[in-house]
Amino acid sequence: MDCLAAGPHRPALVLASIAAERLPFATGAFGRALQSLLDGGYVTPAPAACVALTPLGAAERMAERERWTSVLPTLSRLLGEADPRPAPIVVPAAVPDRAPPVAEAYLDRVLVAAVRERIAAARDGGPTFAVVLAQLDVDAVGEATRRAMVHRAIRATLGASATLLGGDVTAFRYGESGVALLAPSGRDPGRGPRLAALARARLDELMRTMTSTVRAFGSARWSARAGEATWSEEIGTTTLLLRRAESGLKEDGARLSAA
């Protein structure tokens with residue numbers, strides 16, 4: 001995923017770069033890993049027989065970088081701070097129409113940019129739209145299990161957003177354990193609340209399925225909450241719109257806690 005952050009690459013080049021590192025793993029392990037990334041929605045086919053990161057893959061790459069940044073100082077101390085060997089040089093083949101680099105702050109920047117585009121279109125006579133933020137809270141299990149459950153639920157929600165939430169809904173990952181949805185509302189003021197209820201129900205349904213079918217997940221406790229805001233001239237800015245949606249998310253969490 002780190003290799004693909006700079007743009008699309010041919011699978012053979014990615015595997016050659018990995019092989020040049022001489023890591024002690026079984027033959028074919030990274031080929032299978034690349035296939036699992038494709039199957040999981042982290043990587044997608046790109047033009048010129050290349051593969052590229054998806055939004056979900058970019059988010060997972062950032063999460064992995066944060067985890068390894070915390071681990072590496074301890075490994076260096078345990079290994080006596082040995083000098084790392086230089087990175088191998090692999091000459092890439094020319095790839096036409098190279099995509100722009102993935103931004104380091106991908107999640108925030110893409111969501112904010114999408115909202116800004118919607119606001120600009122609405123001010124030019126386009127449809128108004130609703131922002132929905134949905135969050136999944138899981139406890140009573142270990143951290144690794146919690147991450148696995150949250151990741152499965154978010155991946156399933158993002159992957160089937162058009163089918164389950166509507167073909168005009170655009171879905172993004174929101175933070176570590178949430179999704180953000182953008183959908184045109186037009187003259188329907190109830191589109192945002194309905195979409196929030198649907199997103200909450202979808203996350204709850206996924207958690208119920210996981211806890212009933214996977215033994216390791218059976219002891220988990222969870223809650224799904226959602227908040228929404230519909231843009232209008234009175235709201236005006238991107239920041240205020242997202243803050244209203246976040247306020248609705250907090251209010252829904254407080255309601256669930258009281259219940």
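The present account deals with the structure reproduced in this document. (Residues numbered from 1 in each chain as written. Predicted model: local features only at pLDDT ≥ 70, side-chain atom pairs only at ≥ 80, totals over all residues. Heavy atoms only, no water.)

1. Remarks on the nonpolar core
Ranked by internal contacts, the top residues of the largest apolar core, which has 34 residues, are V43, L136, V138, A153, L181, L195 and M207. Elements supplying a minimum of two residues to this core: β2 (50–53), β3 (129–139), α5 (143–159), β5 (178–184), α7 (191–213) and β6 (221–230). A total of 7 residues in this core trace back to one element, the largest contributor, which is α7. Listed in part, the 19 residues of the second largest apolar core include I119, F129, A180 and A229. (Core = buried A, V, L, I, M, F, W, Y, C linked by side-chain atoms within 4.5 Å. Buried < 20%, exposed > 50% of the residue type's maximum accessible area, 1.4 Å probe, protein only. Helix = DSSP H or I, 4+ residues; strand = E, 2+ residues; numbered from the N terminus.)

2. Considering the pattern of salt bridges
All chains considered together, the criterion is met by 14 salt bridges. The salt bridge involving R191 is made with D168; its shortest N-O contact spans 2.9 Å. Of the two residues, R191 is situated in helix α7 and D168 in the loop between α6 (161–165) and β4 (170–174); the sequence distance between them amounts to 23 residues. Assessed through its relative accessible area of 35%, D168 is described here as partly exposed. (Salt bridge = Lys/Arg side-chain N within 4 Å of Asp/Glu carboxyl O.)

3. Considering the packing of helix α1 (residues 11–20) against helix α2 (residues 29–40)
Taken N-terminus to C-terminus, the directions of α1 and α2 make an angle of 135°; their axes are 10 Å apart at the nearest point. Considering the angle they form, α1 stands oblique to α2. The interaxial crossing formed by α1 with α2 has right-handed handedness. Of α2, the residues touching α1 (which contributes P11, L15 and I18) are F30, G31 and L34. A per-class count over the contact of α1 with α2 returns 5 nonpolar, 1 polar and no charged. (Axes fitted to C-alpha atoms, helices over the stretch in contact; angles between N-to-C directions. Parallel < 35°, antiparallel > 145°, perpendicular 65-115°, else oblique. Left-handed = near helix turned anticlockwise from the far one by under 90°. Contact = heavy atoms within 4.5 Å. Nonpolar A, V, L, I, M, F, W, Y, C, P; charged D, E, K, R; others polar.)

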